[in-house]
Amino acid sequence: MDQAFDDWIGRTREASDRVTARLVAEYASVLNDMSGPGQVPAGFHWCLAPDICAPEDLGRDGHPKTGIFLPKLPLPRRMWAGGAVRHLGGFAVGDEVTRRSTIADITFKDGRSGRLGFVTVEHRYDVAGETRLSERQDIVYRADPAPGATTPPPAAAEGWDAIASAAVVPDATQLFRYSAVTFNGHRIHYDQPYATGVEGYDGLVVHGPLQSSWMQNLAAGIIGHVPRHFEYRGLSPLVADVPVTVEARQDAQGLELRVRRDADGVVTMKGRASD
């Protein structure tokens with residue numbers, strides 16, 4: 001099956017956007033107390049140059065249809081599984097930013113929940129010909145859940161000797177505002193009947209990049225600036241109105257970070273920051 005999509009690998013497109021004071025203020029207000037140091041907080045790049053399509057070019061999930069830029073895999077559900085961000089220079093209000101996106105890889109594997117498809121997209125954000133940020137985005141595709149299907153709950157994580165932490169309770173308003181500032185139309189973040197009835201989640205799903213932004217900004221507060229290298233991976237869905245703790249601990253490689261549900265200790269996303 002992998003070879004059937006080989007001609008998608010290497011496909012590239014570009015889009016441009018401007019860093020405005022309003023967009024930065026909107027993003028910082030969504031982060032609220034989690035907004036870190038600097039004129040432009042970490043994770044802001046996800047507000048820039050979003051995919052913009054006419055309504056007829058949207059799929060059932062509210063995203064642009066697969067087959068336009070992302071491949072049309074035979075798996076209808078897609079989620080942001082993780083990625084890596086490398087900061088090569090900061091953004092400033094007034095910057096004209098060009099994002100160049102390239103499909104780097106497409107693979108398939110079998111998981112506990114069935115067949116999975118993985119698409120790796122590489123993004124480069126340039127200002128005046130200089131790369132300010134590079135990113136790897138990992139997207140996972142999966143089948144719709146079978147009627148009545150249940151997933152075994154993940155185990156609680158071990159306790160940490162955290163050097164910094166922050167309590168967050170993501171609600172529907174924050175999810176909607178983050179969707180708006182990033183122009184993310186994925187219905188799992190704002191359409192409860194769709195999220196629960198079609199895609200099988202327990203509620204409105206908290207965005208992967210939003211959780212990543214919490215961790216990046218916590219790391220930035222510890223380091224004193226946006227971390228130059230940051231990797232993250234989603235482990236378990238997080239839904240709205242579930243209290244979590246975003247926490248960090250120091251090790252030999254830098255900072256290890258995670259988002260942990262308070263009630264059961266399950267980690268929904270983990271990350272690593274280094275300079």
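It should be emphasised that the depicted structure is a prediction, and the values quoted were computed from it without experimental measurement.

### With respect to the pairing of strand 4 (residues 114-127)
- Where strand 3 (residues 96-111) lies against strand 4, 14 bridges are found, and the strand directions are antiparallel. Note that in strand 4 the partner of Thr-102 across the bridge is Glu-122.
- Where strand 4 lies against strand 5 (residues 130-142), 12 bridges are found, and the strand directions are antiparallel. Bridge pairing in strand 5 links Val-127 to Glu-130.
- Hairpin connection of strand 4 to strand 5: 2 residues between the antiparallel strands, including Ala-128 at a positive phi of 55°.

### Examining the sheet that holds strand 5
- As summarised here, the arrangement of the 10 strands in space is 1-3-4-5-2-7-10-9-8-6, forming an open sheet in which the pairing is antiparallel. Lying at the two open borders of the sheet, with one neighbouring strand each, are strand 1 (12-18) and strand 6 (164-168). Pairwise comparison of adjacent strand axes, ignoring direction, gives a mean angle of 20° for this sheet.

### Thoughts on the packing of aromatic side chains
- In total, this model carries 6 aromatic pairs according to the counting rule given.
- Taking 6.0 Å as the distance between ring centres and 65° as the angle between the ring planes, the aromatic pair formed by Tyr-27 and Phe-44 counts as edge-to-face. You can see Tyr-27 sitting in helix 1 (residues 21-31) and its partner Phe-44 sitting in the loop between helix 1 and strand 2 (77-87), a full 17 residues away along the chain.
- Here Phe-230 and Tyr-232 contribute two aromatic rings whose centre-to-centre distance is 6.0 Å and whose plane-to-plane angle is 20°, an arrangement assigned as stacked. Just as Phe-230 is buried, Tyr-232 falls in that class too.
- Feature note: the residues Trp-46, Trp-80, Phe-230 and Tyr-232 constitute an aromatic cluster, connected by ring pairs.

### Quick notes on the confidence of the model for the protein chain
- Summing up the model confidence of the protein chain, the mean pLDDT is 94 and the portion of residues at 70 or higher is 97%.
- By mean pLDDT, strand 3 is the weakest element of the protein chain at 94, and helix 2 (residues 172-182) is the strongest at 98.

### Here's the deal with the pattern of salt bridges
- As enumerated under the stated definition, the model contains 22 salt bridges in all.
- In this structure, Arg-260 engages Glu-247 in a salt bridge whose closest nitrogen and oxygen atoms are separated by 2.8 Å. With Arg-260 in strand 9 (residues 254-261) and Glu-247 in strand 8 (residues 244-251), the pair connects residues that are 13 residues apart, well separated along the chain. Like Arg-260, the residue Glu-247 is buried in the burial classification.
- Residue Asp-251 is joined to Arg-272 by a salt bridge in which the shortest nitrogen-to-oxygen separation is 2.8 Å. Of this pair, Asp-251 sits in strand 8 while Arg-272 sits in strand 10 (residues 267-274); the two residues are 21 residues apart in sequence, bridging distant segments of the chain.
- Under the relative-accessibility criterion, Arg-272 is labelled partly exposed at 29%.

What counts and how
- Along each chain, the written sequence defines residue order, and numbers are assigned to residues from 1.
- Totals for whole chains, interfaces and linings use all residues, but because this is a predicted model, local features are given only for residues with pLDDT of at least 70 and pairs of side-chain atoms are given and counted only at 80 or more.
- Hydrogen atoms and water are omitted, and side-chain values are computed over all heavy atoms in the structure.
- Two strands form a pair only when DSSP identifies at least two bridges running between them.
- Only DSSP runs of H or I covering at least 4 residues are called helices, and only runs of E covering at least 2 are called strands; the numbering of each starts at the N terminus.
- Angles here are taken between N-to-C directions and fall from 0 to 180 degrees, while the axes themselves are lines fitted to C-alpha atoms, restricted in helices to the stretch in contact.
- Two aromatic rings, drawn from Phe, Tyr or Trp (for Trp, its six-membered ring), form a pair once their centres lie within 6.5 Å of each other, and the interplanar angle then sorts them: stacked below 30 degrees, edge-to-face above 60, tilted otherwise.
- With a 1.4 Å probe rolled over the protein chains alone, any residue whose accessible area is under 20% of its type maximum counts as buried; one over 50% counts as exposed, and the rest are partly exposed.
- Predictor confidence is given residue by residue as pLDDT, running from a minimum of 0 to a maximum of 100.
- Salt-bridge detection follows one rule: a side-chain nitrogen of Lys or Arg within 4 Å of a carboxyl oxygen of Asp or Glu.

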